[in-house]
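So the chains spell out like this:
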Amino acid sequence: MKIKNWKNKSGGAGGGTVYFFGLVGALIYFLQHAGSAGETILGIIKAFVWPGVLVYKALELLGM
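What counts, and at which threshold
Residues numbered from 1 in each chain as written. Predicted model: local features only at pLDDT ≥ 70, side-chain atom pairs only at ≥ 80, totals over all residues. Heavy atoms only, no water. Helix = DSSP H or I, 4+ residues; strand = E, 2+ residues; numbered from the N terminus. Areas by Shrake-Rupley, 256 points an atom, 1.4 Å probe, with all protein chains shown as cover. Phe/Tyr/Trp six-rings, centres within 6.5 Å; stacked < 30°, edge-to-face > 60°. Buried < 20%, exposed > 50% of the residue type's maximum accessible area, 1.4 Å probe, protein only. Salt bridge = Lys/Arg side-chain N within 4 Å of Asp/Glu carboxyl O. Expected span 1.5 Å × (residues − 1). Bend = angle between axes of the 7 residues up to and from the residue. Contact = heavy atoms within 4.5 Å. Patch = residues over 30% accessible without salt bridge, like charges linked within 9 Å, V, L, I, M, F, W, Y side chains within 5 Å.

Colleague: Give a description of the overall build of the protein chain that names residues and reports values.
Modeller: Summing up its helical and strand segments, the protein chain has two helices and zero strands in all. For the protein chain, the computed accessible surface area is about 5700 Å², with 70% contributed by carbon and sulfur atoms.

Colleague: Describe the packing of aromatic side chains, with residues and values.
Modeller: Counted according to the given criterion, the structure contains two aromatic pairs. Aromatic pair tyrosine 29 and phenylalanine 30: ring centres 5.4 Å apart, planes at 70°, arrangement edge-to-face. Residue classification places tyrosine 29 among the partly exposed positions, given a relative accessible area of 46%.

Colleague: Summarise the pattern of salt bridges; cite the residues concerned and give the values.
Modeller: Under the counting rule described, the total for this entry stands at one salt bridge. We note a salt bridge from lysine 57 to glutamate 60, for which the minimum N-O separation is 3.6 Å. Highlighted residues: lysine 57 and glutamate 60, both in helix α2 (residues 37-61), separated by three residues, approximately one helical turn.

Colleague: Explain α2 to me, using residue names and the numbers behind them.
Modeller: For α2, spanning 25 residues, the distance from its first C-alpha to its last is 35 Å, which sits close to the expected 36 Å at 1.5 Å a residue. Valine 49 marks where α2 bends most, by close to 40°; the proline proline 51 follows one to four residues later. Those residues of α2 not exposed but buried are Gly43, Ala47 and Pro51. After α2 finishes, the residue glycine 63 shows a positive phi value of roughly 80°.

Colleague: Residue-level account of the environment of isoleucine 44, with values.
Modeller: Locating isoleucine 44 in the fold gives a position in helix α2. In this structure isoleucine 44 comes out as partly exposed when scored by relative accessible area, which is 35%. The spatial distance from the C-alpha of isoleucine 44 to the C-alpha of isoleucine 28 is 9.2 Å, given a sequence separation of 16 residues. Look past the residues within four positions of isoleucine 44 in its chain and what remains in contact with it is Leu27 and Leu31.

Colleague: Tell me about a nonpolar patch on the surface, and please be specific about residues and values.
Modeller: Together, Tyr19, Leu31, Ile41, Ile44, Ile45, Phe48, Val49 and Val53 give the surface a local cluster of nonpolar side chains, amounting to about 710 Å² of exposed area. At the level of elements, α1 (14-32) and α2 are the ones that each hand at least two residues to the nonpolar patch. For the nonpolar patch, the leading source of residues is α2, giving six residues. Under the relative-accessibility criterion, valine 53 is labelled partly exposed at 43%.

Shown next as structure tokens:
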């Protein structure tokens with residue numbers, strides 16, 4: 001029976017953690033500024049979409 005070597009296998013989930021905290025922060029921000037049910041729903045959608053837009057604009061600035 002071969003024992004698997006798990007050395008140097010960590011660190012792959014750092015991006016997911018950053019995305020999660022960014023999502024939670026955006027969700028809190030947008031929900032605090034919502035005045036109606038429609039703005040609340042729009043805030044939830046914005047919280048899920050803004051990280052993708054942010055990455056797109058950053059890559060656009062870098063010329064990629």
